[in-house]
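Topology and contacts: notes
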There are 2 protein chains.
Amino acid sequence: MNAPASRADDRLVHVPLGERAYDILIGSGMIGRAGVEINARLRGRRAAIITDEHVEPLYLAQLMDSLQTDGIEAVSLTLPAGEKTKSMDGLAAATDTVLAARIERNDAVIALGGGVVGDLAGFAAGIVRRGVRFIQIPTSLLAQVDSSVGGKTGINTRHGKNLLGVFHQPDLVLADTAVLDSLSPREFRAGYAEVVKYGLIDKPYFFRWLENNWKKVFEGGPERIEAIAISCQAKADVVVEDERETGRRALLNLGHTFGHALEAATEYDSSRLVHGEGVAIGMVLAHQFSARLNLASPDDAQRVAAHLSEVGLPTKISDIEGSLPPTQMLMDAIAQDKKVKSGKLTFILTRGIGQSFVADDVPASEVLRFLEEMR
Amino acid sequence: MNAPASRADDRLVHVPLGERAYDILIGSGMIGRAGVEINARLRGRRAAIITDEHVEPLYLAQLMDSLQTDGIEAVSLTLPAGEKTKSMDGLAAATDTVLAARIERNDAVIALGGGVVGDLAGFAAGIVRRGVRFIQIPTSLLAQVDSSVGGKTGINTRHGKNLLGVFHQPDLVLADTAVLDSLSPREFRAGYAEVVKYGLIDKPYFFRWLENNWKKVFEGGPERIEAIAISCQAKADVVVEDERETGRRALLNLGHTFGHALEAATEYDSSRLVHGEGVAIGMVLAHQFSARLNLASPDDAQRVAAHLSEVGLPTKISDIEGSLPPTQMLMDAIAQDKKVKSGKLTFILTRGIGQSFVADDVPASEVLRFLEEMR
């Protein structure tokens, strides 16, 4: 047995989804303890690891060692890094590896990587034998606080992103906070935008705590673990209330409607804008738009922008390098993302820091005029 | 609105699966009333129909007419007939059609065809936008009494049959009993084997009723509707008790362990053996094997064989034309189908007509010896 590398600062978030309940373990050195933690919870003796070419050289050997030491037979598949892997071909490759490894219902598929690997491996786990166990080992901050929790899986098609997939909850999430040291500052910041989002949705005290402690979160240590644990708990709370996204789960889209439109406007060119950056700008816009609708104080929008700007995130449309398409095209992207019903949009608005709500009657014309002014 | 063609003899089976509850409507001329029946239950305005090249010329126009008359916009995709369509490529084609038709969560995918089309279209419906509505319009007797009810969907891979799929319950099943007149006698008989199965599992009175009324079931009329309704109700009862097949649902495999082995032994060559014929022989073998284990009377096995033989189904291994592989290879197929644990197999055995049960400790050596003698 591997001796746990460190435990005192570990945090555990339980997601109480009945027979689909699972634990999220957050701590430093978690990959080296993966075998122990998996053995403590699941029965299977085999695992198929899906990873990508960026993550493999950094952590695959360590994970395989840990599994082997604890008697779990594992094979692995390394896929190209990037969104293009979330395709029918990627899914066929992943499921073929899982089936060739004779993974049965009680064995596991393990996702070792960021959101792309997690979404793809989770989809594979959800359809092999109509569902086998699934373990998330997210290696980006974004994946640790967002995509690894909640059970959404999927791939992209020529008709749009994430249009094929299943809801398949993981059986265990192991978030190793030490691996985040290998992220580029830009990638860490992008994930941090989603951390801030949980404060802005309904936790004003968490947003205040982040304003005071964000440097320690970036540097590592107990504050990083704390911030990730609070984020996972926040996401878990929403997922438990609304597993299949019929209502409250929509709050998680705060900043995402504007953000997705900006991602589309930059043609998903990550040298110009990554997802978390789009969300950062989108969250500021959502607060500004709420102020414009007299729902919130302009000071709140200012405070959100100040914090995001302090950590180095973009906060306005003009922060994006290069030219953008006409505003009407941004609106089209928004309309495609959220169905427009008789000229009305569903939007996440706010009454102030930590007071977000779902509004389903926002006039598209108001959004268009607002965007025109914000450019 | 289309006027219902006939209703007096219609039967409705409700499947009470909580928020996944649905109705199975059984009656003559149901395809011509599809638009009315769908409108009475579901809200969506669009549908994507998946069918195959055998069924399309017979019923697609009629279905499209009925949908159009009732204001449901529909597109269709015709796939090659046969098991080969249950592939990743088939799934990609089906999901692409569904997405191109802009099917949203409240719209529907409609399967118009037999088990292959149902399994594939159901899988597509289960993964587009993580699940859209699904309507089964089964056109074979086998699909009407078995595969269209219960929510199992899937495709085949090079590692085996049905290894990829999801549980995705239909929102409505429309079984048009008149279309069964276009089946070949052999195909009708093969589906009938599964009807008999429900009697043998736990409905001795139904088996007796079939012995007395089978000719009317084959000829059509109210007895056919009745037999299909009882079969759907029987399957629904088992599914409601055990949706994800962790226990009692295994009873539905009566005759299937031997049957699958024989299908594999004939290399799935349908000119030699189709699924229902394998099940017919398998059910007789299961009763004979139970008699051999002193669990049931040999008279029961004789009675089962007599009825199946009377309708024209094969009842013994030697009824299969051509040579078969050595018995040990049949055993290997059985072992692959059902996991062998320390030389023990899980098998559906019986204490007599309508008294089947799950036995999980059947010695593989006993099965081997029995099969040697039965050839």
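Residues numbered from 1 in each chain as written. Chains lettered and ligands numbered in written order. Predicted model: local features only at pLDDT ≥ 70, side-chain atom pairs only at ≥ 80, totals over all residues. Heavy atoms only, no water.

Looking at an unreviewed UniProt entry, chain A carries the name 3-dehydroquinate synthase, with the source organism given as Pseudorhizobium tarimense. On record in UniProt, under Function (unreviewed entry), the comment for chain A is "Catalyzes the conversion of 3-deoxy-D-arabino-heptulosonate 7-phosphate (DAHP) to dehydroquinate (DHQ)." As stated in UniProt under Sequence similarities (unreviewed entry), the record for chain A gives "Belongs to the sugar phosphate cyclases superfamily. Dehydroquinate synthase family." (UniProt positions renumbered as here; feature names shortened; annotations may be inferred.)

Another aspect to go through is the interface of chain B and chain A. Across the contact, 31 residues belong to chain B and 31 residues belong to chain A. With both sides pooled, the region where chain B packs onto chain A buries about 2500 Å², and carbon together with sulfur makes up 56% of that total. Across the contact surface, chain B and chain A share two salt bridges. A salt bridge links Arg158(B) to Asp96(A); the nearest nitrogen and oxygen atoms lie 2.8 Å apart. Elements with a minimum of two residues in the side of chain B that touches chain A: α3 (88-100), α4 (115-127) and β8 (160-164) of chain B. When residues of the side of chain B that touches chain A are assigned to their parent elements, the largest contribution, seven residues, is made by α3(B). For the side of chain B that touches chain A, the class distribution of residues is twelve nonpolar, eight polar and eleven charged. (Contact = heavy atoms within 4.5 Å. Buried area = accessible area lost by both parts, 1.4 Å probe. Salt bridge = Lys/Arg side-chain N within 4 Å of Asp/Glu carboxyl O. Helix = DSSP H or I, 4+ residues; strand = E, 2+ residues; numbered from the N terminus. Nonpolar A, V, L, I, M, F, W, Y, C, P; charged D, E, K, R; others polar.)

Going through the model one piece at a time under the given rule, you end up with seven cavities of 30 Å³ or more. In this structure, the largest cavity occupies an estimated 60 Å³ of space. In terms of lining, the largest cavity is formed by Ile38(A), Leu42(A), Gly44(A), Arg46(A), Ala47(A), Ile72(A), Asn106(A), Asp107(A), Ala108(A), Ile110(A), Arg133(A) and Ile135(A). Elements with a contribution of two residues or more to the lining of the largest cavity: β3 (46-52), β5 (108-113) and β6 (133-138) of chain A. A volume near 50 Å³ is recorded for the second largest cavity. Ile38(B), Leu42(B), Gly44(B), Arg46(B), Ala47(B), Leu67(B), Ile72(B), Asn106(B), Ala108(B), Ile110(B), Arg133(B) and Ile135(B) together form the lining of the second largest cavity. (1 Å grid on protein atoms, 1.4 Å probe; cavity = no way out; pocket = protein on both sides within 12 Å on 5 of 7 lines; lining within 4 Å. Points joined across faces, edges and corners; volume = space filled by probe spheres on them.)

Further remarks concern the sheet that holds β6(A). All names here are of chain A. Strands sit in the order β1-β2-β9-β6-β5-β3-β4 across an open sheet of seven strands; the sheet is mixed. Where the open sheet ends on each side, the last strands, each with one partner, are β1 (11-15) and β4 (73-79). The mean inter-strand angle of the sheet, taken between neighbouring strand axes irrespective of direction, is 15°. Judged from the six bridges that link them, β5 and β6 form a sheet pairing that is parallel. From the neighbouring strand, Ala 108 faces β6, where its bridge partner is Arg 133. The sheet strands contacting helix α3 (residues 88-100) are β3, β4 and β5, and the helix crosses β4 at an angle near 165°. Sitting on the sheet, helix α8 (residues 222-241) is in contact with β1 and β2 (22-27), with an inclination near 5° to β1. (Pairing = 2+ DSSP bridges. Axes fitted to C-alpha atoms, helices over the stretch in contact; angles between N-to-C directions.)

The next subject is the domain arrangement of chain A. All names here are of chain A. Segmenting chain A into domains produces domain 1 (11-183) and domain 2 (191-374). Between domain 1 and domain 2, the C-alpha centre-to-centre distance is 27 Å. Each partner contributes to the interface: domain 1 provides 25 residues, whereas domain 2 provides 24 residues. Around 2300 Å² of area is buried between domain 1 and domain 2 when both sides are counted, 64% of it from carbon and sulfur atoms. Of all residues in domain 1, Arg 11, Val 145 and Phe 167 bury the most surface against domain 2, accounting for 25% of the area lost on that side. Summed over the shared surface of domain 1 and domain 2, the number is four salt bridges. (Domains from an automatic or database assignment.)

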